[in-house]
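So the chains spell out like this:
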Amino acid sequence: MTIHFSCTMCGRCCHGLRLPIGVDEAMAWLRDGGQVQLFCEAIPWPEEPPADNHLAWYKRRRSFAATSGRLPVRVIVSLMAVFEGACPNLQPDMRCGIYERRPRACRVYPAEVNPFYALDRETKLCPPEAWQSVEVLQSEDGNWNDPEVAGAIVGMREADARDAEVKKRVCAILGILSSGLSNEGVVIHAPEPGRFLAALEAAAAGGEGQDVGEWQIVSHRRATLDLLQSAGTASLPSTALAGTASFMGFVAGDA
Ligand code: SF4
Ligand code: SF4
């Protein structure tokens, strides 16, 4: 189905956001005085998937290898610029104050980065009239029509893959070793911004890959905790999280 779209500059997508950003963008966001958090999730990864499991390989590209007890896992760390209310870069006339260097995610919206997600207008913040444009956002064959949108999508996917090992080093520097279980929840880490920026700069500078140690998989569901324990995984109830870590579940919890 061809999807028509034109931004009305309503500004809704610039309010109350968790904006996924790359390592380079996170450093810029922190230098500008913004807040960034790490959303961590782990996927059990007992063996490599078959070559035709494209979804698994997509996840593999944006994750790093780790262990939790006896279980090999892959950890996806998403860097999120967070703000309540209006984005600190949003101008009173609803224009972006850093338009030329705004994050790739801002250039993509409302298109989808994940090739396994179809664009669902119902989940987007854009007003109805934005979808009544004559301009084509996505053509019948699934291609993104706007070169800037298409380029930003490629840029986000490349950054995801490029950043995975850098994020591993960031976690090692910051001592981050807890994650949610993929599709069930994430552990959100909110390091102090100055310390976080220093860790990102050190990790981005490269060097030897550091062993991040053993990861704990956090859950808010009794059945999951029991399953993780029986699989020899290092697990933790979400209520035991401390410090600057918190848990966000995607399903109802009972533990
Ligand atoms: S950086 Fe600009 S485009 Fe992105 S959310 Fe903020 S104001 Fe909106
Ligand atoms: S919510 Fe949609 S229409 Fe409104 S500013 Fe964002 S992209 Fe444009």
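Scroll up to find the structure this text is about.
Residues numbered from 1 in each chain as written. Chains lettered and ligands numbered in written order. Predicted model: local features only at pLDDT ≥ 70, side-chain atom pairs only at ≥ 80, totals over all residues. Heavy atoms only, no water.

**Points about a nonpolar patch on the surface**
A contiguous nonpolar patch, built from L55, F116 and Y117 and spanning about 310 Å² of accessible area, is present on the exposed surface. Topologically, L55 is positioned in helix α2 (residues 54-61). Take L55: its relative accessible area is 34%, and that puts it in the partly exposed class. (Patch = residues over 30% accessible without salt bridge, like charges linked within 9 Å, V, L, I, M, F, W, Y side chains within 5 Å. Areas by Shrake-Rupley, 256 points an atom, 1.4 Å probe, with all protein chains shown as cover. Salt bridge = Lys/Arg side-chain N within 4 Å of Asp/Glu carboxyl O. Helix = DSSP H or I, 4+ residues; strand = E, 2+ residues; numbered from the N terminus. Buried < 20%, exposed > 50% of the residue type's maximum accessible area, 1.4 Å probe, protein only.)

**Focus: the pairing of strand β7 (residues 178-181)**
The sheet contact formed by strand β3 (residues 35-44) and β7 spans two bridges and is parallel. Note on β7: the bridge partner recorded for E41 is G180. For β7 and strand β9 (residues 216-219), the ladder comprises three bridges, and the chain directions are parallel. Within β9, the position partnered with S178 by the bridge is Q216. (Pairing = 2+ DSSP bridges.)

**A word on the site of ligand 1**
All residues adjacent to ligand 1 are C14, C87, N89, L90, C96, I98, P103 and C106. Residue composition of the shell around ligand 1, by class: seven nonpolar, one polar and no charged. (Near = heavy atom within 4 Å. Nonpolar A, V, L, I, M, F, W, Y, C, P; charged D, E, K, R; others polar.)

**Description of the packing of aromatic side chains**
Applying the stated criterion to the full structure yields four aromatic pairs. With a centroid separation of 5.0 Å and 50° between ring planes, the pair formed by F5 and W131 is classed as tilted. With F5 in the loop between β1 (3-4) and β2 (18-21) and W131 in the loop between α3 (104-108) and β6 (136-138), this residue pair connects regions lying 126 residues apart in the sequence. W131 sits in the buried class, given a relative accessible area of 12%. (Phe/Tyr/Trp six-rings, centres within 6.5 Å; stacked < 30°, edge-to-face > 60°.)

**Quick notes on the environment of A240**
Mapping A240 onto the fold places it in the loop between β10 (235-237) and β11 (245-249). For A240, a relative accessible area of 41% corresponds to the partly exposed category. C-alpha separation for the pair A240 and A81, spaced 159 residues apart in sequence, amounts to 25 Å.

**Observations concerning the environment of Q216**
Here Q216 shows up in strand β9. The residues contacting Q216, other than those within four sequence positions of it, are S68, L177, S178, S179, A234, S235 and L236. (Contact = heavy atoms within 4.5 Å.)

**Re unusual backbone geometry**
With the exception of glycine, the majority of residues adopt a negative phi angle, and the majority of peptide bonds are in the trans configuration. Cis rather than trans, the peptide bond between Y109 and P110 has omega equal to 5°. Locating P110 in the fold gives a position in the loop between α3 and β6. The phi angle at M9 is positive, at roughly 60°, despite the residue not being glycine. Relative to the helices and strands, M9 is located in the loop between β1 and β2.

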